[in-house]
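Here is how the chains run, residue by residue.
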Amino acid sequence: PSLLPWIGSAVRYVFAPTKFLALCCAQFGPVFKVLVGGRNIIVVGTAESIRSALFTDHRVLTAYVEHYNHFHVVCSDTSLYPLIHDTITYKLFPVFDRRLSKRAVDDLTGHCAETIFSRLKAFSENEQVSLRRSLNEPLYVAVTAIFLGSKFSPDTYDDWVTFLDSVPKRLCRLPFWSVPSSRARGRLLQHIIACLQSANPDNDDDKLAGDFSKVLRENNISPEVASYVVLTVMLFLHTNMLDVVFWLFSWLMADPLAFSSLRDEIDRAVREEFGNIQTFIAEVSPQRLDSPAFALLNSAILETTRLTTLQTGLRLAECDLELKDEEGTIPVRKGEYVLLYPRTAQRNEASYPDGHRFVIDRFVQEKYQGELTAAAGKPYFAFGAGRHLCKGRYLAMFGMKVLTILYLSLFDVTPVPLERRSSKWEPPQSSAHSIGTIRPTKDVFVKLRPRATL
């Protein structure tokens, strides 16, 4: 209830969306309706209702509102949004379908492990490092190089972080982001233009960037619009992936038994499947990591994505419809919005005992059948569902696996307590302003000591 009916719950939602949705779920259950700035938003948080929304025809329950919100993050010129949407949906998605499929993604990842390894080595020179930077910088550099090709500069990481930290406020249309974040975004856009203009499809290092460049030129897409398109794609890929690896290591360090079990599996699997870490770096591929030898690692990543996923999209009803739910149907009127909120379904005790806890072996299969099949049949929406499956899911899984394997193979990791007088390690709190994936309220630090065995 609000004293200002049109505004409704807008203030509480905009300034603390994660906290607001969690309180509403606790008070009203997993399905409820809120008024936010004149919009009636139906929040659906049961597995059946989320699946029903995701499988509804995209012309009936359209996602363009969500897409335009993300375009607002990268571009302030609203007149370009339809062109950006058309370019991503009809020009680049076919490239992703072809290049990032489970079979084809191997062709793009040849230098990924080598790049992550070279970036990680730099952190061995510092006794105490930022956990966020030591995990995210190598992964950002390796994966972005796949997208932008041989001219990509690793020096863009600081601009990326400055820009990324402003994204939650930009998505909520809060006019409080700083000038540095806007300048960082501008430098990223200019760098993307330079990479696309120099990309060569015949160069192995430019395979994906070359395809982007070719498609954009063939369709007369200006360099400016092309940069907005690619930065949007990078936003979708990196935002969740980089947060997931941070929480994976935070929760591992809070559970020494899980930490040692995962390291033991990695040491054994690298030795048995590759012989040594040098051969691993040279020969690893998505196909070789999708193996029962890395079953616990696979489970750890799925478990982290289960716990970190918040909202997965906002849809607008173009006509009256009904969504299926466990106890009947949910009526949705034309002009109302549907917010998918899988956090409640993915922590449901009936599906996931102790669903609020990180359980590293939760997704270990009795008989390994593939990296994402362990979540089949369960309330799991971290990579979408139906027509809305994440097109970069295989690349994301590969990047997170390679980073974790190399990090734990190269270093003994000791967490630095958040409180100086405390000897107990506790992960940081999640931010009330998280959107999409939970974000930490603060960075944490770790002590890295190169392992004698390497």
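Residues numbered from 1 in each chain as written. Predicted model: local features only at pLDDT ≥ 70, side-chain atom pairs only at ≥ 80, totals over all residues. Heavy atoms only, no water.

- The protein chain is annotated in an unreviewed UniProt entry as Cytochrome P450 of Pisolithus tinctorius Marx 270.

## Side note on the overall build of the protein chain
Then, in step 1: Within the protein chain, the regular secondary structure consists of 17 helices and 10 strands.
Then, in step 2: In terms of overall dimensions, the protein chain is globule-like: its C-alpha atoms have a radius of gyration of 22 Å, near the 22 Å expected for 454 residues.
Then, in step 3: The dimensions of the protein chain, computed from C-alpha atoms along their principal axes, are 65 × 55 × 45 Å.
Then, in step 4: Counting across all 454 residues of the protein chain, residues that qualify as buried make up 56%.
Then, in step 5: For the protein chain, contacts bridging at least 24 residues in sequence account for 76% of all contacts bridging at least 6.
Then, in step 6: For the protein chain, the computed accessible surface area is about 20400 Å², with 51% contributed by carbon and sulfur atoms. (Helix = DSSP H or I, 4+ residues; strand = E, 2+ residues; numbered from the N terminus. Rg over C-alpha atoms; globule rule 2.2 N^0.38 Å. Buried < 20%, exposed > 50% of the residue type's maximum accessible area, 1.4 Å probe, protein only. Contact = heavy atoms within 4.5 Å. Areas by Shrake-Rupley, 256 points an atom, 1.4 Å probe, with all protein chains shown as cover.)

## As for unusual backbone geometry
Then, in step 1: Unusually for a residue other than glycine, Asn-220 sits at a positive phi of about 55°.
Then, in step 2: Inspection of the secondary structure puts Asn-220 in the loop between α11 (207-218) and α12 (223-253).
Then, in step 3: The phi angle at Asp-354 is positive, at roughly 55°, despite the residue not being glycine.
Then, in step 4: Turning to its location among the elements, Asp-354 is positioned in the loop between β8 (337-340) and α17 (393-410).
Then, in step 5: Among the residues examined, Asp-354 registers a relative accessible area of 39% and is labelled partly exposed.

## Side note on the UniProt feature "binding site: heme" (unreviewed entry) in the protein chain
Then, in step 1: With numbering aligned to this structure, UniProt lists the feature "binding site: heme" (unreviewed entry) at Cys-390.
Then, in step 2: Checked against the element boundaries, Cys-390 lands in the loop between β8 and α17. (UniProt positions renumbered as here; feature names shortened; annotations may be inferred.)

## Digging into the sheet that holds strand β3 (residues 61-62)
Then, in step 1: Judged by pairing direction, the sheet is mixed, and its five strands sit side by side in the order β1-β2-β8-β5-β3 without closing on themselves. Strand pairing shows two members of the sheet lacking a second neighbour, β1 (31-36) and β3, which therefore form its edges.
Then, in step 2: For strand β2 (residues 39-44) and β8, the ladder comprises four bridges, and the chain directions are parallel. Paired with Val-43 across the bridge in β8 is Leu-339. (Pairing = 2+ DSSP bridges.)

## Some words on the packing of helix α13 (residues 256-273) against α17
Then, in step 1: It is at 10 Å that the axes of α13 and α17 come closest, and there the two elements cross at 95°. One way to sum up the angle between α13 and α17 is to call them roughly perpendicular. Side by side, α13 and α17 meet where Phe-259, Leu-262, Arg-263, Ile-266 and Val-270 of the first sit next to Thr-404, Ile-405, Leu-408 and Ser-409 of the second.
Then, in step 2: Its residues assigned to classes, the contact of α13 with α17 shows six nonpolar, two polar and one charged. (Axes fitted to C-alpha atoms, helices over the stretch in contact; angles between N-to-C directions. Parallel < 35°, antiparallel > 145°, perpendicular 65-115°, else oblique. Nonpolar A, V, L, I, M, F, W, Y, C, P; charged D, E, K, R; others polar.)

## Re the pattern of salt bridges
Then, in step 1: Under the defined criterion, the tally for this structure stands at 22 salt bridges.
Then, in step 2: For Arg-362, the salt bridge is made with Glu-303, and the minimal N-O distance between the two is 3.0 Å. Here Glu-303 lies in helix α16 (residues 295-308) and Arg-362 lies in the loop between β8 and α17, a separation of 59 residues in the sequence. The same class applies to Arg-362 as to Glu-303, namely buried. (Salt bridge = Lys/Arg side-chain N within 4 Å of Asp/Glu carboxyl O.)

## Considerations on the packing of aromatic side chains
Then, in step 1: Counted by the stated rule, this structure contains 22 aromatic pairs.
Then, in step 2: With a centroid separation of 5.3 Å and an interplanar angle of 80°, the aromatic rings of Tyr-64 and Tyr-68 are classed as edge-to-face. Residue Tyr-64 and its partner Tyr-68 are both found in helix α4 (residues 64-74); the two are separated by four residues, about one turn of the helix.
Then, in step 3: Residue Tyr-64 is classed as partly exposed on the basis of its relative accessible area, which comes to 33%.
Then, in step 4: Given the relative accessible area of 24%, Tyr-68 is considered partly exposed.
Then, in step 5: Here a set of aromatic residues connected by ring pairs shows up, and it is made of Tyr-140, Phe-152, Tyr-157, Trp-160 and Phe-163.
Then, in step 6: Positioned over the ring face of Phe-93 is Lys-391, at 5.0 Å from the centre of the ring. (Phe/Tyr/Trp six-rings, centres within 6.5 Å; stacked < 30°, edge-to-face > 60°. Lys NZ or Arg CZ within 6 Å of the ring centre and 35° of its normal.)

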